[in-house]
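# A look at the structure
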Amino acid sequence: MLAALSIRDIVLIDRLDLQFHAGMTAFTGETGAGKSILLDAFALALGARGDPKLVRAGAALGQVTAQFDLVSDHPALALAVEHGVEAGDDLVLRRVQTPDGRAKAFINDAPVSVQTLRRVGALLVEIHGQHDDRAFTESATHRRLLDAYGGLSGDATQVEAHWRAWREAEAALAERRDMHAAAQRSLEYARHAADELEALDCRSGEEDALAEDRQRMQNASRIAAGLDDIATALSAGGLENKLGGALRRLERQPGARPSGVAAAVERVLIEVAEAAAVVKAERSALDFNDADLEQAEARLFKLRETARKYRCAVADLPGLAERFRAECAAADAADAERASLEAETEAKRHAYVAAARRLSEARRAAATRLDAAVGAELPALKLDRARFMTDLAHDAAGGPSGFETASFTVRTNPGADAGPLMKVASGGELSRFILALKVALAQQGSAPTLVFDEVDQGVGGATAAAIGERLATLSRAAQVLAVTHSPQVAAHADHHLVISKQAVVANGIEAMVTRAAALDSDGRVEEIARMLAGARVTNAARRAAASLMGAPHG
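The structure reproduced in this document is the subject of the present report. (Residues numbered from 1 in each chain as written. Predicted model: local features only at pLDDT ≥ 70, side-chain atom pairs only at ≥ 80, totals over all residues. Heavy atoms only, no water.)

## Comments concerning the nonpolar core
Grouped together as the largest cluster of nonpolar side chains are 65 residues, with contacts concentrated most on L370 and L471. Residues in contact with L471, not counting those within four places in the same chain, are M24, L435, F452, V455, V480, A482 and V489. (Core = buried A, V, L, I, M, F, W, Y, C linked by side-chain atoms within 4.5 Å. Buried < 20%, exposed > 50% of the residue type's maximum accessible area, 1.4 Å probe, protein only. Contact = heavy atoms within 4.5 Å.)

Next comes the structure, spelled out in structure tokens:
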């Protein structure tokens, strides 16, 4: 429970230190005294959204500290330890707010994030304020309230997780199907291209090697042609035979022959024979034939023709072949992956449906219990002929919250038509229905401290007294803090704090500050008498106050 609350420099509060006890504590005071400011400060310590405007004018910072005494197994202690906080049997939550908007959060003087402070605070305190009534009258929130009552919030979170997993799997499957359809449209071309390129078997650097071989063979071809021309010239017309025959005829002639002719011709014959031998040897030594050249040129042409076809360089053909083959493999793998995704999606759909159906059954059971719990509160609130009902509408399509929507309906009198809470109940009835709901929900909550902010608004007399009785009953199971303007509610409190504004002078400047005082029995009688009588408290008002409190008064 809340043991102590310390507030420094928050709006009208300059310095306030309060002690709290088990049971029900009433907060009363004139309108504008600062009761709402006190609750805003308390909420700040619990992780509520900060606001620079909360810092008291002229102060360097505002600070709120709330101390809680807890049982050793309270989940808030475990959560604090999970976030690195050393904890015994108590927790001290502290929030610091500066005028420039900066804020710091601490638990047991260990710095934590505001989100962590908020999570811990939610396990320690539930605040039911007059501004929370909208959540009870709008059907959009009724399912969440039902889940909270039935302890099904965790189950609902799991259903939502199953839903999102299913939807994400469906999205992935749809994407895979689109990819498969697109792949199928180009798969025939990719397979043909891959087969053609693999048959071509272009190797890295092959174009350059072929070009070099072709150039070499073309050069060799030209040299061979020249050697063949020389060989032909040397042997054309039987040069050796002609020279030899002429020389022999000359030698057979009688008489003197030209001197030196035979020797010269013999030298020519020898040179010609040697030249022919050299030409023949050189021609034989050439590593070339026309078939090799034709083959190289045909291969080079095929490579370049294919590269033009695929609009790339010859050097890119090997990589292109790998890419087309990879596309084919990916398409084949996509078929297998698509089948796997279909199975996975179906499994996740089944998981969602199973979890959502279990949640539906649990919600129906919780709705029955909630209707009974609220119904049990109604007679004490002077609504004994009314009936509260939780309607669950099934949605076969389902959603992240399951298969149903929930709405709270009421029937104020037997025979009357049931309808939505907001439309059927009158103003006073609405407040009492909401209080019955709050009491029923609070009895199922884990928070050890419950705050009710003016839940008696708009009612009075016997109805206000009934509200006070319900809060007092609830305070036997949890600590109840009630901000009230009703003397009938305040009279049921175990403890009483009166909030007031006082003028103080600091450094010659007068300012208004909020003060809080704990009242003893006589002080409570006087305060409740003031609430009954107004500005002028009479003895009759004091006797009425004592009567409300069930205590004698002279």
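## Structural notes on the packing of aromatic side chains
Remark: the centre distance and the inter-plane angle together describe each pair of aromatic rings, the angle taken between the planes. Counted by the stated rule, this structure contains seven aromatic pairs. Look at F20 and F27: their rings are 6.1 Å apart centre to centre, the planes differ by 40°, and that puts the pair in the tilted class. F27 carries the same exposure label as F20, and that label is buried. Put simply, the rings of W163, W166, Y352 and F403 touch in pairs and so form one group of aromatic residues. The residue whose ring lies beneath R94 is F106, and the NZ or CZ to ring-centre distance is 4.1 Å. Positioned above the aromatic ring of W166 is the side chain of R167, whose terminal nitrogen or guanidinium carbon lies 4.4 Å from the ring centre. (Phe/Tyr/Trp six-rings, centres within 6.5 Å; stacked < 30°, edge-to-face > 60°. Lys NZ or Arg CZ within 6 Å of the ring centre and 35° of its normal.)

## What about the packing of helix 2 (residues 75–82) against helix 3 (residues 114–124)?
For any two helices packed against each other, one specifies the crossing angle of their axes together with the interaxial distance. With their axes 9 Å apart at the nearest point, helix 2 and helix 3 run at an angle of 170° to one another. Here helix 2 lies roughly antiparallel to helix 3, going by the angle between them. Helix 3 is crossed by helix 2, and the crossing has left-handed handedness. Together, P75, A76, L79 and A80 of helix 2 and R119, V120, L123 and L124 of helix 3 make up the contact between the two elements. (Axes fitted to C-alpha atoms, helices over the stretch in contact; angles between N-to-C directions. Helix = DSSP H or I, 4+ residues; strand = E, 2+ residues; numbered from the N terminus. Parallel < 35°, antiparallel > 145°, perpendicular 65-115°, else oblique. Left-handed = near helix turned anticlockwise from the far one by under 90°.)

## Comments concerning helix 16 (residues 521–533)
Relative to the 18 Å expected for 13 residues at 1.5 Å per residue, helix 16 spans 18 Å between its end C-alpha atoms, a close match to the ideal helical length. The set of residues buried in helix 16 consists of R524, V525, E527, I528, A529, R530 and M531. In this fold, the buried residues of helix 16 make contact with strand 3 (24–28), helix 15 (487–490), strand 14 (495–506) and helix 17 (539–549). The opening residue of helix 16 is D520, an N-cap whose side-chain oxygen sits 3.3 Å from the backbone nitrogen of D522. Trailing helix 16 by a residue or two, G534 shows a phi angle of about 95°, which is positive. (Expected span 1.5 Å × (residues − 1). Polar contact = N/O pair within 3.5 Å; in protein donor to acceptor, adjacent residues only side chain to side chain.)

## A short note on the pattern of salt bridges
Following the criterion strictly, the structure yields 21 salt bridges and no others. Of the charged contacts in the structure, one is a salt bridge between R542 and E526, with a shortest N-O distance of 2.9 Å. Pair noted here: R542 is in helix 17 and E526 is in helix 16, with a separation of 16 residues, a long-range link. Put simply, D201, R203, E206 and R299 are held in one network by salt bridges that share partners. (Salt bridge = Lys/Arg side-chain N within 4 Å of Asp/Glu carboxyl O.)

## Structural notes on the sheet that holds strand 2 (residues 13–19)
The sheet built from six strands is open, its strands ordered 2-1-4-5-6-7 with antiparallel pairing. Each of the sheet's edge strands pairs with one partner strand only, and the pair in question is strand 2 and strand 7 (110–112). In this sheet, neighbouring strand axes are inclined to one another by 15° on average, regardless of whether the strands run parallel or antiparallel. Across the sheet, helix 1 (residues 35–45) lies against strand 1 (2–10), strand 2, strand 4 (62–69) and strand 5 (90–97), angled at about 105° from strand 1, the strand it touches most. (Pairing = 2+ DSSP bridges.)

## Some thoughts on the sheet that holds strand 11 (residues 419–420)
Read from one edge of the open sheet, three strands run 9-10-11, paired in antiparallel fashion. Among the strands making up the open sheet, the edge pair consists of strand 9 (387–399) and strand 11. When strand 10 (residues 402–411) meets strand 11, the two strands line up antiparallel, connected through two bridges. Within the sheet, the bridge partner assigned to T409 lies in strand 11 and is P420. Helix 5 (residues 142–149) contacts strand 9 and strand 10 of the sheet and is inclined by roughly 95° relative to strand 10.

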